[in-house]
Amino acid sequence: MSPTKRPGILRMSTPTSPQPKGIPVSAIRPAAVVVLAAGEGTRMKSATPKVLHELCGRSLVGHVLAAARELDPQNLVVVVGHAREKVTGHLGEIDPDVRTAVQAEQNGTGHAVRMALEELGGSVDGTVVVVCGDTPLLTGDTLKRLAGTHEADGNAVTVLTAEVPDATGYGRIVRDEASGAVTGIVEHKDATDAQRAIREINSGVFAFDGQLLADALKKVRTDNSQSEEYLTDVLGILREAGHRVGASVAVDHREIAGINNRVQLSEARRTLNDRLLTGAMLAGVTVVDPATTWVDVTVTFEQDAVVHPGTQLLGATHVGEGAEVGPNSRLKDTQVDAGARVINTVADGAVVGPQASVGPYAYLRPGTRLGLKSKIGTYVETKNASIGEGTKIPHLSYVGDATIGEYSNIGAASVFVNYDGEAKHHTTVGSHCRTGSDNMFVAPVTVGDGAYTAAGSVITKDVPPGSLAVARGQQRNIEGWVARKRPGSAAAKAAETASRQEESGS
Ligand code: UD1
Ligand code: MG
């Protein structure tokens, strides 16, 4: 169940980097965007292909595709290879319209782009944007600026670069000392010490002229330390052939971070999370402790929502106006309506109605719907349960497969016994009911409006409206049992003292 979205929601869309003045933004749809996602990502040391690792609610490649879609390309091709069934299956779920090109052996990024062009019929007219599937922080705006610069300058190729504090592992941008023009890219593994000192790196994102790209790729060789066809060699090839080679420097170097290992994955998660929280705070959300608050890209807020420390908001979670969530809560696909309060709670697929109160230590499972001003208290678990306006389930209970009306109170330590070992059954409790503590409602069963049930009852039969149901054994007191069966014990002595005091009337 996904929460209903209402108008007036502040979307935590990622705030973009400040727009540099005078840089054209492409108005033309590129002929194609090619996303490289065939590599294994050995440095991740994982059974999961690198591009399927998760970050703020999306796979790495999912983030890249979302940015690519902002260009509205005529073709979107993802190059798959390693674990391609898994990757292709995932692409089918998140973006069924993408085309895939298979790169059976990972012979390098240049070879991968060649496979993509083959999928597109050999070459394409117009701009081809190439992006790596492992740069999830890249924004659509940056891609648009790259394509804009590329087209405005009439380049054969434009590479997105950035100055980074630590360039280890990246391809370095080599520029002509006199003119400053880009002459080529040299991979870290192939670079000299002097080249390794360069801090301007290749982001792995390029805009190419489609025809020139196809021609140049045929000339790429494999005489490098990795014996691969490097896409990066295309720059030098085009330049030597007399074509215009340009560079667009990214405004924020963190945007182009490539993920190659799990340290970088966690750094990227931190960066993206900060970006999302900054957007939310600037839009009127109080985030008490951004360091311990984690959100997915799909989470939305309304103004004056408050998030307390130690809180994870996942999937389609929405926090309404003035609602407070946390501390220490994990909400997935959960709608928290205006003014509600959710403390120390785990929730999945739940709707928390306006001004409702949940927790501390509650577990709301899928299909939970809490009405206006209702209350789910401490150590209460709910599943597939509709709880009416003003109804309270304050302590130590399990409510599964149930409908409860308005302004009823469910006594402490109650269990809605929904499972007979084979099938689940439903319990209905009416409005204005008062059920006793330690009740078992053995479903299917109905408690009518205004009914009461006695503490300790096992309710197996329907309770008519307005009745009191008592369903428990009679109490029997066996007098003198302790003195006879436990003579000399502390209990026996206490009982003796009590009966003497009673006799003497003290
Ligand atoms: C690459 C660039 C480097 C750049 C860096 C940016 C090359 C030769 N190097 O290095 O200049 O600074 O990205 O992050 O282009 N892939 C394939 N097929 C292959 C090889 C790779 O599809 O045969 C894909 C991978 O899945 C990945 C992307 O291409 O998504 C980049 O590959 P990766 O191995 O991460 O290259 P880097 O060493 O990071
Ligand atoms: Mg990489």
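What you see is a predicted model, and the numbers here were worked out from it, not measured in a lab.

Parameters and conventions
Residues numbered from 1 in each chain as written. Chains lettered and ligands numbered in written order. Predicted model: local features only at pLDDT ≥ 70, side-chain atom pairs only at ≥ 80, totals over all residues. Heavy atoms only, no water. Helix = DSSP H or I, 4+ residues; strand = E, 2+ residues; numbered from the N terminus. Expected span 1.5 Å × (residues − 1). Polar contact = N/O pair within 3.5 Å; in protein donor to acceptor, adjacent residues only side chain to side chain. Near = heavy atom within 4 Å. Areas by Shrake-Rupley, 256 points an atom, 1.4 Å probe, with all protein chains shown as cover. Buried < 20%, exposed > 50% of the residue type's maximum accessible area, 1.4 Å probe, protein only. Pairing = 2+ DSSP bridges. Core = buried A, V, L, I, M, F, W, Y, C linked by side-chain atoms within 4.5 Å. Contact = heavy atoms within 4.5 Å. Lys, Arg positive; Asp, Glu negative; His and termini not counted. Salt bridge = Lys/Arg side-chain N within 4 Å of Asp/Glu carboxyl O. Donors = N, O, S within 2.8 Å, 3.2 Å for Na, K, Ca; no water. Axes fitted to C-alpha atoms, helices over the stretch in contact; angles between N-to-C directions. Parallel < 35°, antiparallel > 145°, perpendicular 65-115°, else oblique. Nonpolar A, V, L, I, M, F, W, Y, C, P; charged D, E, K, R; others polar. Left-handed = near helix turned anticlockwise from the far one by under 90°. Phe/Tyr/Trp six-rings, centres within 6.5 Å; stacked < 30°, edge-to-face > 60°. Lys NZ or Arg CZ within 6 Å of the ring centre and 35° of its normal.

I'm lost on helix α8 (residues 262-282) in this one. Help?
Structural remark: α-helix, 3.6 residues per turn; residues separated by three or four positions point the same way. Between its first and last C-alpha atoms α8 spans 30 Å; for 21 residues at 1.5 Å apiece the expected length is 30 Å, and the two agree. If you check the start of α8, you find a side-chain oxygen 3.0 Å away from the backbone N of V263, and it comes from N261.

Can you walk me through the site of ligand 1 in this structure?
The immediate surroundings of ligand 1 are formed by 24 residues, with Q103, G108, T109, E187 and N202 found nearest. The separation between an oxygen atom of ligand 1 and a polar main-chain atom of G39 is 2.8 Å. With respect to ligand 1, the side chain of Q103 contributes an N or O atom lying 2.7 Å from a nitrogen atom. Calculation on ligand 1 without its partners gives an accessible area of 760 Å², and the protein chains cover 91% of this total.

What is the right way to look at the pairing of strand β2 (residues 32-37) in this model?
The two faces of the sheet receive side chains in turn, since in a regular strand these alternate between them. Here β2 lies mainly inside the structure; six of its six residues are buried. On β2, burial covers both faces: A32, V34 and L36 on one face and V33, V35 and A37 on the other are all buried. Across five bridges, the pairing between β2 and strand β7 (residues 127-132) is parallel. Across the sheet, the residue bridging to A32 is V128, located in β7.

Any chance you could explain the nonpolar core here in plain terms?
A general feature of soluble globular proteins is that nonpolar side chains tend to end up buried together. In this structure, F301, L313 and I376 are the most contacted members of the largest nonpolar core, which totals 55 residues. Among the elements of the structure, α8, β26 (362-364), β28 (375-387), β29 (392-404) and β35 (445-447) are those that each provide at least two residues to this core. A total of six residues in this core trace back to one element, the largest contributor, which is α8. With near-sequence residues (within four places) excluded, L313 lies in contact with W294, V295, D296, V299, F301, V307, V319, V325 and L331.

It is not clear to me how the side chain of E255 should be interpreted in this structure. Could you clarify?
Within the secondary structure, E255 is located in the loop between β12 (245-249) and α8. Comment: no salt bridge for buried E255; closest opposite-charge side chain is R275, at 4.8 Å. Of the polar contacts made by the side chain of E255, one reaches the backbone nitrogen of T139; its length is 3.1 Å. A polar contact is formed between the side chain of E255 and the side chain of T142, at a distance of 2.6 Å.

Help me understand the pairing of strand β11 (residues 200-209) in this model?
A large share of β11 lies buried, amounting to nine of its ten residues. With four bridges joining them, β7 and β11 adopt antiparallel strand pairing. Bridged to V128 within β11 is F208. Of the pairings in the sheet, the one linking strand β8 (residues 157-163) to β11 comprises six bridges and is antiparallel in character. Along β11, the bridge assignment pairs A162 with I201.

What's the story with the coordination of the magnesium ion (ligand 2) in this structure? I'm lost.
Here the magnesium ion (ligand 2) is held by D134 (OD) and N260 (OD1), and the distances to it run 2.4 Å. Taken together, the positions of D134 in the loop between β7 and α4 (140-153) and N260 in the loop between β12 and α8 put the pair 126 residues apart, joining distant regions of the chain. Across the pair, N260 and D134 agree in class, each one buried.

Could you clarify how one ought to interpret the packing of helix α6 (residues 210-217) against helix α7 (residues 233-240) in this entry?
In a packed pair of helices, the relevant descriptors are the angle between the two axes and the axis-to-axis distance. The geometry of α6 relative to α7 is characterised by a closest axis approach of 10 Å and an angle of 105° between their N-to-C directions. With respect to each other, α6 and α7 are oriented roughly perpendicular. Residues L212, L213, A216 and L217 of α6 form the contact with α7, whose own contacting residues are V234, I237 and L238. By residue class, the composition of the contact of α6 with α7 is seven nonpolar, no polar and no charged.

What is the right way to read the packing of helix α1 (residues 60-69) against helix α2 (residues 84-94) from this model?
Direction vectors running N to C along α1 and α2 enclose 45°, while the axes themselves pass 11 Å from each other. Taken together, the axes of α1 and α2 lie oblique to each other. When you trace α1 past α2, the crossing you get is right-handed. When α1 is examined against α2, the residues V61, G62 and L65 are found in contact with a partner set consisting of H90, L91 and I94.

Honestly, unusual backbone geometry in this entry has me stumped. Any pointers?
Across residues other than glycine, the phi torsion is negative in most instances, and most of the peptide bonds are trans. Omega for the peptide link from G359 to P360 comes to 0°, which places this bond in the cis form. With respect to the secondary-structure elements, P360 resides in the loop between β25 (357-358) and β26. In this structure, P444 follows A443 across a cis peptide bond, with omega equal to 0°. Looking at where P444 falls in the secondary structure, it is placed in the loop between β34 (440-442) and β35. Here C56, not a glycine, exhibits a phi torsion of approximately 50°, which is positive. Looking at the element boundaries, C56 is found in the loop between β3 (54-55) and β4 (58-59).

So what exactly am I meant to see when it comes to the environment of T192 here?
Along the chain, T192 turns up in the loop between β10 (182-186) and α5 (193-196). T192 sits 15 residues away from A207 along the chain, and the two C-alpha atoms are 27 Å apart.

Explain the pattern of salt bridges to me, please; I cannot follow it from the model alone.
Close approach of charged atoms allows side chains with opposite charge to pair. Following the criterion strictly, the structure yields 14 salt bridges and no others. Here E496 ties to R500 by a salt bridge, and the two come within 3.5 Å at their closest N and O atoms. Note that E496 and R500 are positioned in helix α10 (residues 490-504) at a spacing of four residues, about one turn of the helix. Look at R500 and you get partly exposed, because its relative accessible area is 48%.

Help me understand the packing of aromatic side chains in this model?
On inspection of all chains with the given rule, the structure shows three aromatic pairs. When the ring of Y361 is compared with that of Y379, the centres are 5.4 Å apart and the planes differ by 10°; the resulting orientation is stacked. Of this pair, Y361 sits in the loop between β25 and β26 while Y379 sits in strand β28; the two residues are 18 residues apart in sequence, bridging distant segments of the chain. Here the aromatic rings of F416 and F441 are separated by 4.8 Å at their centres, their planes lie at 40°, and the arrangement is tilted. Of this pair, F416 sits in strand β31 (residues 415-417) while F441 sits in strand β34; the two residues are 25 residues apart in sequence, bridging distant segments of the chain. The same class applies to F416 as to F441, namely buried. We note K424 situated over the ring of Y419; from NZ or CZ to the ring centre the distance is 5.1 Å.

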